[in-house]
Amino acid sequence: MVKYFITGVRRGLGLALKQKYNTVDRLEDCDIFINCKHEKYQQVDLLYKAAEQDKRIINIGSNSPDQDKGNPHPYQVEKSALDKANHQLFYQGVATTIVRFGYFDSPRVSDVDCKKMSIEYCVEVIDWIIQQKHRVKDITIVP
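Residues numbered from 1 in each chain as written. Predicted model: local features only at pLDDT ≥ 70, side-chain atom pairs only at ≥ 80, totals over all residues. Heavy atoms only, no water.

(A) Representation of the nonpolar core. Counting 23 residues, the largest nonpolar core has L13, I34, F101 and I126 as its most contacted members. Of all the secondary structure elements, the ones that give two or more residues to this core are β1 (4-6), α1 (12-20), β2 (32-35), β3 (56-60), β4 (96-101) and α5 (119-131). Of the residues forming this core, the biggest block, seven residues, is contributed by α5. The contact partners of F101, leaving out residues within four places of it in the chain, are L13, I60, G61, S62, N63, M117, C122, V125, I126 and I141. One finds F33, V44, V94 and I98 within the second-largest nonpolar core, a separate group that totals 16 residues. (Core = buried A, V, L, I, M, F, W, Y, C linked by side-chain atoms within 4.5 Å. Buried < 20%, exposed > 50% of the residue type's maximum accessible area, 1.4 Å probe, protein only. Helix = DSSP H or I, 4+ residues; strand = E, 2+ residues; numbered from the N terminus. Contact = heavy atoms within 4.5 Å.)

Take a look at the structure:
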């Protein structure tokens, strides 16, 4: 049975993923790492750590770095760094994917008034990536 280590499982997408997959509590014990929790540059650090351990990796990025070019914000820079690290490692042969979702219906953006994807749909996208027999470098999905 495939084991998953998922960060950011208290709410939203991370919680939905935890409820779907067989999770473990340590990166070292997983087959697939889903890098979901945004906390400054911690996602980048965990990506490199997982790559060193030869894990299959799915990073949850963001479409916002492309969306708000005129409004600089640390979140956008941090997610852009994750994007660049994913790109670098992918071309070094690491099985890493970054998924750049637009807004999806989660507690974090409950105050944002725009069209949103369902968390269930986002889980389906991640599941599709996991099922691919070839590496998927990146995917951007917006509602």
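(B) Spotlight on the sheet that holds β3. Read across the sheet, five strands follow the order β1-β2-β3-β4-β5 without closing on themselves; strand pairing throughout is parallel. In this open sheet, the two strands that pair with only one neighbour each are β1 and β5 (138-141). Across the sheet, the mean angle from the axis of one strand to that of its neighbour is 15°, orientation sign disregarded. Sheet topology places β3 next to β4; four bridges connect them, and they run parallel. Paired with I58 across the two strands is T97, which belongs to β4. (Pairing = 2+ DSSP bridges. Axes fitted to C-alpha atoms, helices over the stretch in contact; angles between N-to-C directions.)

(C) The arrangement of the packing of helix α2 (residues 42-52) against helix α4 (residues 74-90) in detail. It is the contact of α2 with α4, at a shortest axis distance of 9 Å, that shows an interaxial angle of 15°. The orientation of α2 with respect to α4, classified from their angle, is roughly parallel. Here α2 and α4 pass one another in a crossing that is right-handed. For the pair α2 and α4, contact is made by Q43, V44, L47, Y48 and A51 and by E78, K79, A81, L82, A85, N86, Q88 and L89, respectively. Split by residue class, the contact of α2 with α4 holds eight nonpolar, three polar and two charged. (Parallel < 35°, antiparallel > 145°, perpendicular 65-115°, else oblique. Left-handed = near helix turned anticlockwise from the far one by under 90°. Nonpolar A, V, L, I, M, F, W, Y, C, P; charged D, E, K, R; others polar.)

(D) Geometry of the pattern of salt bridges. Scanning the model with the defined rule gives seven salt bridges in all. Here K137 makes a salt bridge to D138, at a shortest N to O gap of 2.9 Å. With a relative accessible area of 31%, D138 lands in the partly exposed category. One salt-bridge network, held together by shared partners, links D83, R100, K137 and D138. (Salt bridge = Lys/Arg side-chain N within 4 Å of Asp/Glu carboxyl O.)

(E) View of the packing of α1 against α5. Put simply, α1 and α5 touch, their axes get as near as 10 Å, and they point 60° apart. Accordingly, the angle class assigned to the pair α1 and α5 is oblique. Helix-helix and strand crossings are classified by hand; for α1 and α5 the assignment is right-handed. Note on element contacts: α5 touches α1 through I119, C122, V123, I126 and D127, opposite G12, L13, A16, L17 and K20. The residue inventory of the contact of α1 with α5, partitioned by class, reads seven nonpolar, one polar and two charged.

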